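Spelled out from the first residue to the last, the chains are:
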Amino acid sequence: MDFTGKLIVERSQRCNRSKVREQAYICHCYIRGDYLAGICISDDEYPDRVAQTLLNNILDEFTKEYPASSWSSLQPGQVQFKQLESDLARYQDPKQADAMMRIQSEIDETKGILSQTMDSLLQRGEKLDDLVARSDALSAQSKAFYQTAKKTNRCCTLL
């Protein structure tokens, strides 16, 4: 992974975001204008925008902890960047880390609920239509019964 990351950074342009497929993984790369670079290796399912947001946040935090003037004295492998672990833990679930993903997830959930509600309303409407039809039929039958009873009662009179 180190070799792949270094190779991608060497072949990428400054102030550029890129994405490279390597075997079953996607390597997201961001090289800032000050030549600070970050690589995020993820699977196919991890959203590109969230990976690039993670890189941007990590590079910004790194710059706050280690200003550009101190980079020349830093040795690879000896830099203690504690913020990285917490950011990686937070971005494990992209829906929780990224507001847009969270909102999209809530919208999808709401659409599902709305669809179920519409289906139940349509079924309820069909049931109401059946009840109205039965009521009309019952009303017609009761009128017919009334008329038949009235005719029957005319021929028979009580003395």
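It should be emphasised that the depicted structure is a prediction, and the values quoted were computed from it without experimental measurement.

**Describing the domain arrangement of the protein chain**
Per the domain assignment, the segments of the protein chain are domain 1 (1-121) and domain 2 (124-158). Relative to domain 2, the C-alpha centre of domain 1 lies at a distance of 72 Å.

**Some points on the side chain of Q52**
Inspection of the secondary structure assignment puts Q52 in helix α2 (residues 48-65). A polar contact of 3.1 Å, which involves the side chain of Q52, links it to the side chain of R17.

**Structural notes on the packing of α2 against helix α3 (residues 83-90)**
Where α2 meets α3, the closest approach of the two axes is 10 Å, and the angle between their N-to-C directions is 160°. For the element pair α2 / α3, the angle class is roughly antiparallel. When the axes of α2 and α3 are compared, the crossing they make is right-handed. Touching L54, N57, I58 and E61 of α2 are Q83, L84, D87, L88 and R90, all from α3. When the residues that make up the contact of α2 with α3 are grouped by side-chain class, the tally is four nonpolar, two polar and three charged.

**A look at a nonpolar patch on the surface**
Taken together, the side chains of L114, M118 and L121 make up a nonpolar region of the molecular surface, amounting to roughly 290 Å² of accessible area. Among the secondary structure elements, L121 is positioned in helix α5 (residues 99-155).

**Re the pairing of strand β2 (residues 25-31)**
Burial within β2 is extensive, with six of its seven residues counted as buried. As judged from the seven bridges shared by strand β1 (residues 16-22) and β2, these two strands associate in the antiparallel manner. The partner of K19 across the bridge, within β2, is H28. Counting the residues between successive antiparallel strands, the hairpin from β1 to β2 contains two residues, one of them, Q23, with a positive phi of roughly 55°. Bridge count between β2 and strand β3 (residues 37-42): six bridges; the pairing is antiparallel. Looking across to β3, one finds that Y30 is bridged to G38. Where β2 folds back onto β3 in an antiparallel hairpin, the turn is made up of five residues, including Y35, whose phi is positive at roughly 70°.

Rules behind the numbers
- Residues numbered from 1 in each chain as written.
- Predicted model: local features only at pLDDT ≥ 70, side-chain atom pairs only at ≥ 80, totals over all residues.
- Heavy atoms only, no water.
- Domains from an automatic or database assignment.
- Helix = DSSP H or I, 4+ residues; strand = E, 2+ residues; numbered from the N terminus.
- Polar contact = N/O pair within 3.5 Å; in protein donor to acceptor, adjacent residues only side chain to side chain.
- Axes fitted to C-alpha atoms, helices over the stretch in contact; angles between N-to-C directions.
- Parallel < 35°, antiparallel > 145°, perpendicular 65-115°, else oblique.
- Left-handed = near helix turned anticlockwise from the far one by under 90°.
- Contact = heavy atoms within 4.5 Å.
- Nonpolar A, V, L, I, M, F, W, Y, C, P; charged D, E, K, R; others polar.
- Patch = residues over 30% accessible without salt bridge, like charges linked within 9 Å, V, L, I, M, F, W, Y side chains within 5 Å.
- Areas by Shrake-Rupley, 256 points an atom, 1.4 Å probe, with all protein chains shown as cover.
- Salt bridge = Lys/Arg side-chain N within 4 Å of Asp/Glu carboxyl O.
- Buried < 20%, exposed > 50% of the residue type's maximum accessible area, 1.4 Å probe, protein only.
- Pairing = 2+ DSSP bridges.

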